[in-house]
Amino acid sequence: MDKRLSTELTVDWAACKGHGLCAELLPDHITLDDWGYPLVSGPVSAAAAKRARRAVADCPALALKLRAAAREPQSS
Amino acid sequence: MTAIDSDIEHPIDYGVREAAVQQQTQDNGVLPSRPLSFADHRAYYSALPTPDRLPLGELTAMLGHAGLRGRGGAGFPLYRKIVSVSGAARARKIAPTVIANGCEGEPASHKDKHLLWLAPHLVLDGLVLLGRELRAIRAVLAIEAGAPNGKGDLVRRVREAVNERDVRQDGVRIELVEVPGRFIAGESAALVSTLNGGPGLPSYSEHSVRERGVGNTPTLVQNVETLAQVGLIARYGADWFRDYGTAAEPGPQLFTVYAGRNRPRVVQAAAGTPLWPLIADAEPVDAVLIGGYHGSWIPAPLARHARLSEAELDVPLGAGLIAALPAERCGLAETAHIVRYLALESAGQCGPCLNGLPRIAAALEQLADPHHASRDQSLLENLERWSGMVEGRGLCHHPDGSVRLVRSALTVFRTEIAAHRAGVCTGGDRRPLLPAPLRDHAGDHAYAAH
Amino acid sequence: MNSSILWYVSQATGIVCLVLYTIVMLLGITVAGQGALPGLPKFSVVALHRSISLLSIAFLAVHIGTALLDSYVNISLVSTVVPFASSYEPLWIGLGAVAVDLMIALVVTSLLRGRISPRFWRAVHWLAYAFWPVAIAHTIGLGSGSGGLISGWGLWLTLACVLAVAVALVWRVVVQLERSRRTPAQVLQTTRSEVRV
């Protein structure tokens, strides 16, 4: 079993229009808030990596991104 | 874009009051008592250290030893930012950009404008020093376009100061840029966007501004007060700086104080100063707002006995606002007034903030009205729900800061909430205390279609 | 191969392309306007939009290929992508070539969607609103198969497609106008008035 770096989903909030495909494709990782915007929980498991890549590709607004494991908190 | 003040006019009182400062060495303090010309400036503070007196790297070390943190609100250690920006510049072989942020989008805060009015050259010294230290390709001072000033045109004063500088002596050429006034204009990514010719709003980027900012260069953005402190530390040393304040929160600091008089004043103090003398004129007091509109309320008993320090107050000092709320006012009404302003100042780009902040504002307005508060049992629940929904979900920290204010209000004004839900307001005076200028942003390309 | 058969196959696949690309347009407009089709999750609508556009390429290839092979009319390979280079019906074939060029741009950028900048992809995808009318014009010009403009059931079918897309566009514009009115001030006003019950 190859050891992969955990990856995380991030959202480009200006691009996101609340289409909601991501929540349909990754129901265990993404739910929608009261207004249709994604609530991302936790890093993406290796098993879900393929579906996550699909969700990223299918997002009509290209707002969903997949990154390597979380960086330390940034200040500008 | 016009500035329409819907609320009380707050002409700033330019009398500088020295609050009890712990120790003071052979200097004159941060702020002079009157606006200084360039010649007066050199006499008052002494001459700016020349490059041979301050070889590259030494200023950074001094700033590290001094422990100077940003005075714009976030309080991030300057040393670490310098190291980060210079590291990025070395790695990418690109000269960085340094920006002095004099926008002061916080309507209740006047310390930056006050500083720029009295001692613009001190700020410019700091900008020049960091520009030299980082071998910056560009040094920019950003101020609010047409910034109002109780005594004349601040923009003109600053421009004159910039023009008085001698590039050959400084080694750095300073550009003055005027930025449209809005609450989030001074947020680093928004400011960088303006300087890049963009809409002046935060945007998505894989990289922080320190890595890729203005013109894709590593960019250091610093509040003007921080730069003034740099100008002083370079002259008087890190030990001078550490003589003020506490070990954890060193250095002199500027605060904008609202305390019972008609006009706010800018005060020079330091961490560890007793808070009560600053607000005594406002007594009896209900609560005190610390930091800014992204800050926190503290209850009166704490304000009376604690010292001005993040450690003791357990809240960040933020942008240096200290606003005492007199007992006859309603803390919920005041908070509702501020949060309405914050909601309207949202860029409106990000779904959660666009939808959440206005709803939070509306719910607070209802909570502030005993007539509504007694009828709607779901207000507190909704406030908590929506607060949780906007936090951390957006391109900047505007929703986060706003939620901090809301949460502190719900804690500190617990008894007022209970009274309102019973249909009674304990404060008789529901007028807003703090300024919330309504601005018409319709002309800006601010709101993306959602 | 019998020239008539080639010609009829070209006409038939042309009509199929008209219908398929109209469906692709309708699906694309639905996604952009954040609409939903009953019973279908949103990712299915996106997937259908993509699959049908790829399917259409197959029919388009046959439509062009049979026209090229057909010896009755002289259409060169070049004139299928270089507009107005054909000696047979230069205008209408030329419009077809324009449509082909636009379609290539749309398909190639969409295949590379994750790898090119979102802004660039979106800018090129707007060309869909140029591609489809041009394809319609080409259909009207050549759809009768025997000189003169399309007529009879072909015309009715084309009009039905145009009507469907026109309705979808009106809906899309309305959605967009509503969206652009949503500012923090408007949300605040709406929420407040919802409360005054």
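Residues numbered from 1 in each chain as written. Chains lettered and ligands numbered in written order. Predicted model: local features only at pLDDT ≥ 70, side-chain atom pairs only at ≥ 80, totals over all residues.

Caption draft 1: Representation of the overall build of chain B. Of regular secondary structure, chain B possesses 19 helices and 14 strands. Every one of the 450 residues in chain B was classed for burial, and the buried ones make up 55%. (Helix = DSSP H or I, 4+ residues; strand = E, 2+ residues; numbered from the N terminus. Buried ≥ 20, exposed ≤ 12 C-beta atoms within 10 Å, placed from the backbone.)

Caption draft 2: Local environment of the interface of chain A and chain B. Contact with chain A, which involves 14 residues of that partner, is made by 21 residues of chain B. Split by residue class, the side of chain A that touches chain B holds six nonpolar, four polar and four charged. (Contact = placed C-beta atoms within 7 Å. Nonpolar A, V, L, I, M, F, W, Y, C, P; charged D, E, K, R; others polar.)

Caption draft 3: Representation of the sheet that holds strand β3 (residues 97-102) of chain B within the structure. All names here are of chain B. A sheet is described by the order of its strands in space; here four strands give the open sequence β5-β4-β3-β6, paired in parallel fashion. Each having just a single partner strand, β5 (174-179) and β6 (219-223) make up the two edges of the open sheet. When the angles between neighbouring strand axes are averaged without regard to direction, this sheet yields 25°. Contacts between helix α6 (residues 154-164) and the sheet are confined to β4 (138-144) and β5, with β5 contributing the most and set at about 165° to the helix. (Pairing = 2+ DSSP bridges. Axes fitted to C-alpha atoms, helices over the stretch in contact; angles between N-to-C directions.)

Caption draft 4: Representation of the interface of chain C and chain A. At the junction of the two partners, chain C supplies nine residues and chain A supplies 12 residues. At three residues, the largest contribution of residues to the side of chain C that touches chain A is made by helix α2 (residues 42-69) of chain C.

Caption draft 5: Representation of the packing of helix α5 (residues 120-133) of chain B against α6 of chain B within the structure. Residue and element names in this part refer to chain B. Two elements in contact, α5 and α6, have axes whose closest approach is 10 Å; the angle formed by their N-to-C orientations is 50°. When the interaxial angle is binned, α5 and α6 end up oblique. Once α5 is placed against α6, the crossing between them reads as right-handed. Along the contact surface, α5 presents P120, H121 and L124, while α6 presents R157, V158, A161 and V162. Residues of the contact of α5 with α6, tallied by class, amount to five nonpolar, one polar and one charged. (Parallel < 35°, antiparallel > 145°, perpendicular 65-115°, else oblique. Left-handed = near helix turned anticlockwise from the far one by under 90°.)

Caption draft 6: Quick peek at the domain arrangement of chain B. All names here are of chain B. You can read the domains of chain B as domain 1 (16-242) and domain 2 (331-432). The C-alpha centroid of domain 2 is placed 34 Å from the C-alpha centroid of domain 1. Listed per partner, the contact involves nine residues of domain 1 and six residues of domain 2. Of the residues in the side of domain 1 that touches domain 2, the class split is six nonpolar, one polar and two charged. (Domains from an automatic or database assignment.)

Caption draft 7: Just the pairing of strand β7 (residues 252-258) of chain B, in detail. All names here are of chain B. Taking burial as the measure, the seven residues of β7 include seven buried ones, the bulk of the element. Along β7, one buried face is formed by P252, L254, T256 and Y258 and the opposite face, lined by Q253, F255 and V257, is buried too. In this antiparallel pair of consecutive strands, β7 and strand β8 (residues 265-270), the connection spans six residues, and G260 shows a positive phi of 80°. Pairing of β7 with strand β13 (residues 321-326) involves three bridges; the strand directions are parallel. For V257, the partnering residue across the bridge sits in β13 and is I322.

Caption draft 8: Layout of helix α4 (residues 111-118) of chain B. With respect to burial, α4 of chain B is a largely interior element, eight of its eight residues being buried. Burial in α4 of chain B covers these residues: K111, D112, K113, H114, L115, L116, W117 and L118 of chain B.

Caption draft 9: The arrangement of the packing of helix α14 (residues 331-344) of chain B against helix α18 (residues 398-412) of chain B in detail. All names here are of chain B. Where α14 contacts α18, the two axes come as close as 11 Å, and the packing angle between them is 170°. Overall, the two elements α14 and α18 adopt an arrangement that is roughly antiparallel. Together, G331, L332, T335, I338, V339 and L342 of α14 and S402, L405, V406, A409 and V412 of α18 make up the contact between the two elements. Taken together, the residues of the contact of α14 with α18 sort by class into eight nonpolar, three polar and no charged.

Caption draft 10: The arrangement of the nonpolar core in detail. Residue and element names in this part refer to chain B. Judged by nonpolar contacts, the single largest core of 195 residues is most densely connected at V123, L127, L191, I279, V288, A323 and V339. The biggest single contributor to this core is helix α15 (residues 351-368), with 10 residues. Structurally, this core is a two-domain feature, drawing no fewer than three residues from each of domain 1 (16-242) and domain 2 (331-432). The contact partners of I279, leaving out residues within four places of it in the chain, are A259, V285, V288, A303, I322 and A324. (Core = buried A, V, L, I, M, F, W, Y, C linked by C-beta atoms within 7 Å.)

Caption draft 11: Structural context of helix α3 (residues 78-92) of chain B. Residues and elements named next belong to chain B. In this model, α3 (15 residues) spans 21 Å end to end at C-alpha, consistent with the 21 Å of a helix rising 1.5 Å per residue. Considered for burial, the residues of α3 that qualify are L78, K81, I82, V85, S86, A88 and A89. Projection of α3 onto a plane perpendicular to its axis shows the buried side chains occupying an angular sector of 155°, all on one side. Exposed and facing more than 90 degrees away from the buried side of α3 are R90 and A91. In this structure, the buried residues of α3 make contact with α2 (58-66), β6 and α9 (224-236). Positive backbone phi, approximately 55°, marks K93, located one or two places after α3. (Expected span 1.5 Å × (residues − 1). Arc of directions from axis to C-beta.)

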